[in-house]
Amino acid sequence: QVQLVESGGGLVQAGGSLRLSCAASGFTFSNYAMGWFRQAPGKERDFVAAISGSSATRNYADSAKGRLTISRDNAKNMVYLQVSNLKPEDTAVYYCAASTSYFGSARSTDYPYWGRGTQVTVSS
């Protein structure tokens, strides 16, 4: 069955950086665009970044544009999110998701498969 498992979250000081990882299995990974979303306590789940199956296109949320890098390794069925210059506002549970749209999307409804999330906490 389809499985997405996030890792790499934790407690980080403001100004630092981290890289989140998502291991995928149970589907033809390269045929799916991949995305990252995040959800802060009491708030809606927001789009963060997406990458097409071939890595040809990448999309980022305006709220953190310039501090994000999404990448993938199709040979390893892995997708990554690097966040630089972390801010307290980045504190959230980060979710990895797979989309049936090859070129990706910023809409959560376009992602039928989701991981269980990894917590990122940024201290000030």
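For the structure, see preceding data.
Definitions and cut-offs
Residues numbered from 1 in each chain as written. Predicted model: local features only at pLDDT ≥ 70, side-chain atom pairs only at ≥ 80, totals over all residues. Heavy atoms only, no water. Helix = DSSP H or I, 4+ residues; strand = E, 2+ residues; numbered from the N terminus. Buried < 20%, exposed > 50% of the residue type's maximum accessible area, 1.4 Å probe, protein only. Contact = heavy atoms within 4.5 Å. Polar contact = N/O pair within 3.5 Å; in protein donor to acceptor, adjacent residues only side chain to side chain. Disulfide = S-S within 2.5 Å.

(A) Spotlight on the environment of Ser-99. Tracing the chain through its elements places Ser-99 in strand β9 (residues 92-99). Exposure remark for Ser-99: the relative accessible area of 0% places this residue in the buried category. As a C-alpha pair, Ser-99 and Ser-25 span 74 residues in sequence and 14 Å in three-dimensional space. Look past the residues within four positions of Ser-99 in its chain and what remains in contact with it is Tyr-32, Ala-33, Asp-110, Tyr-111 and Pro-112. A distance of 3.0 Å separates the side chain of Ser-99 from the backbone nitrogen of Ser-101, its partner in a polar contact.

(B) A look at the state of the cysteines. On inspection of all chains with the given rule, the structure shows one disulfide. The disulfide partner of Cys-22 is Cys-96, and the S-S distance across this bridge is 2.1 Å. Across the disulfide from Cys-22 to Cys-96, rotation about the S-S bond amounts to roughly -80°, and the bridge is consequently left-handed. With Cys-22 in strand β3 (residues 18-25) and Cys-96 in strand β9, this residue pair connects regions lying 74 residues apart in the sequence.

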